[in-house]
Amino acid sequence: MSQSIETIANHVTRDDNEAATRNRQLTGCADELASYARARYNLTHTATIEGTDYVTFVDTLTRNNDY
């Protein structure tokens, strides 16, 4: 069985004064994951890395290439 693995990282602001920016960033994360889902990728793991100014979401996606 052949499998493709992709990893994507997104940074989202933690600044409470930047709610509109945070919402746009989270929407971008969701849109990117939806794009991968349309390409038959499955989300297999999400890790969060908390920093002072940002939270980084690292998503691992897999897709079986055999049919």
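Just so it is clear, the structure is predicted and the values come from calculations on it, not from any experiment. (Residues numbered from 1 in each chain as written. Predicted model: local features only at pLDDT ≥ 70, side-chain atom pairs only at ≥ 80, totals over all residues. Heavy atoms only, no water.)

K.L.:
Looking at this structure, how should I read the packing of aromatic side chains?
P.N.:
Centre distance and the angle of the planes are the two values used to describe a pair of aromatic rings. Across all of its chains, the model carries one aromatic pair by this definition. Taking the centre distance of 5.3 Å and the plane angle of 80° together, the rings of Y36 and Y41 count as edge-to-face. Judged by relative accessible area, which is 11%, Y41 ranks as buried. (Phe/Tyr/Trp six-rings, centres within 6.5 Å; stacked < 30°, edge-to-face > 60°. Buried < 20%, exposed > 50% of the residue type's maximum accessible area, 1.4 Å probe, protein only.)

K.L.:
Can you walk me through the pairing of strand β2 (residues 42–50) in this structure?
P.N.:
Looking along a regular strand, one sees the side chains alternate between the two faces of the sheet. In the sheet, β2 pairs with strand β3 (residues 54–64) via eight bridges, with the strands oriented antiparallel. By the bridge assignment for β3, A47 is matched with V58. Between β2 and the antiparallel strand that follows it, β3, lie three residues. (Pairing = 2+ DSSP bridges. Helix = DSSP H or I, 4+ residues; strand = E, 2+ residues; numbered from the N terminus.)

K.L.:
Any chance you could explain the pattern of salt bridges here in plain terms?
P.N.:
In this structure the tally under the stated criterion is two salt bridges. A salt bridge links R14 to E50; its shortest N-O distance comes to 2.8 Å. Residue R14 is found in the loop between β1 (3–13) and α1 (19–38), and its partner E50 is found in strand β2; the two are separated by 36 residues along the sequence. Take R14: its relative accessible area is 36%, and that puts it in the partly exposed class. (Salt bridge = Lys/Arg side-chain N within 4 Å of Asp/Glu carboxyl O.)

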